[in-house]
Amino acid sequence: MAESEPTAGKSSRDFIIGQAYQVFRQQGYYLTTMADIGSACGLLKGSIYHHFASKEALMEQVLELAYHLFNQKVFQVAFEATVPARVRLEGMLKALDKFYFEEPGGCLMGLTGLETAGRIPAFTRIIRQFFSHWIEAFTHVFSGQYPAEKAQELGQQVVQDLEGAVMLACIFLDKKYFTATTQRVLSYLS
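These figures come from a predicted structure and were not determined experimentally.

(A) Focus on the overall build of the chain. Looking only at helices and strands, the chain has nine helices and zero strands in total. Reading the chain from its N terminus to its C terminus gives the helix and strand order α-α-α-α-α-α-α-α-α. Its C-alpha radius of gyration of 17 Å places the chain within 12% of the 16 Å reference for a compact globule of 190 residues. Overall size of the chain, expressed as C-alpha extent along the three principal axes, is 55 × 35 × 30 Å. Residue burial in the chain is summarised as follows: out of 190 residues, 47% are buried. For the chain, the exposed surface amounts to about 9,500 Å²; the carbon and sulfur share of it is 55%. If the 17 positive side-chain charges of the chain are averaged to one point and the 19 negative ones to another, these points end up 2 Å apart.

(B) How the structure looks around the pattern of salt bridges. All chains considered together, the criterion is met by five salt bridges. A salt bridge links Glu153 to Lys150, with the shortest nitrogen-to-oxygen separation between them at 3.4 Å. Taken together, the residues Glu153 and Lys150, both in helix H8 (residues 148-172) and three residues apart, mark about one turn of the helix.

(C) How the structure looks around unusual backbone geometry. Unlike most non-glycine residues, Leu173 shows phi in positive territory, near 50°. Secondary-structure assignment places Leu173 in the loop between H8 and helix H9 (176-186).

(D) Representation of the nonpolar core. Ile37, Leu58, Leu96, Met109, Trp134, Phe138 and Phe142 are the most contacted members of the largest nonpolar core, which totals 61 residues. Of all elements in the fold, only helix H1 (13-27), helix H2 (34-41), helix H4 (55-78), helix H5 (85-101), helix H6 (108-116), helix H7 (121-142), H8 and H9 reach the threshold of two or more residues within this core. Excluding residues that lie within four positions of it along the chain, Met109 makes contacts with Leu63, Ala66, Tyr67, Ile126, Ile127, Phe130 and Phe131.

What counts and what doesn't
Residues numbered from 1 in each chain as written. Predicted model: local features only at pLDDT ≥ 70, side-chain atom pairs only at ≥ 80, totals over all residues. Heavy atoms only, no water. Helix = DSSP H or I, 4+ residues; strand = E, 2+ residues; numbered from the N terminus. Rg over C-alpha atoms; globule rule 2.2 N^0.38 Å. Buried < 20%, exposed > 50% of the residue type's maximum accessible area, 1.4 Å probe, protein only. Areas by Shrake-Rupley, 256 points an atom, 1.4 Å probe, with all protein chains shown as cover. Lys, Arg positive; Asp, Glu negative; His and termini not counted. Charge placed at Lys NZ, Arg CZ, Asp CG, Glu CD. Salt bridge = Lys/Arg side-chain N within 4 Å of Asp/Glu carboxyl O. Core = buried A, V, L, I, M, F, W, Y, C linked by side-chain atoms within 4.5 Å. Contact = heavy atoms within 4.5 Å.

Below you can see the structure in the form of structure tokens.
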């Protein structure tokens, strides 16, 4: 997640969010302590509280960052009107591969969604928006080849399949699950 790290010092708010992203992604929300985040930042946990009132407030910012980065690198690709649908789909899948496998931890949104579902409304709101936007992006790509209802159905199915593939790839430490799923997704566009 190097693109999110600011050039300012290690105590800056953006730097803390970027480091917290990595820690939450690897350990999950409930297992991560503010001391873990402080350690990742090279700070005492009290320094983290100077910028964030609570772990929940920090995680909300981390989820917003993850959503923003996904929007820039994955979702927006779907809406590039001058690019053929197949090329957009390939670009989205390539970007997903980078997000999920260049650094350990898999899908922060999926992990956090499962971990906190219905318990932390601020997280649920962001995660729902994220997944809705993701489905919308795939639906848009498929809409040139399929009727609206079928494109929507495929958009939902692809997100479900990719999330499952990421989970299996992380559990079995084998990217073949993700690779097979991306090949299947590509077959939806001729």
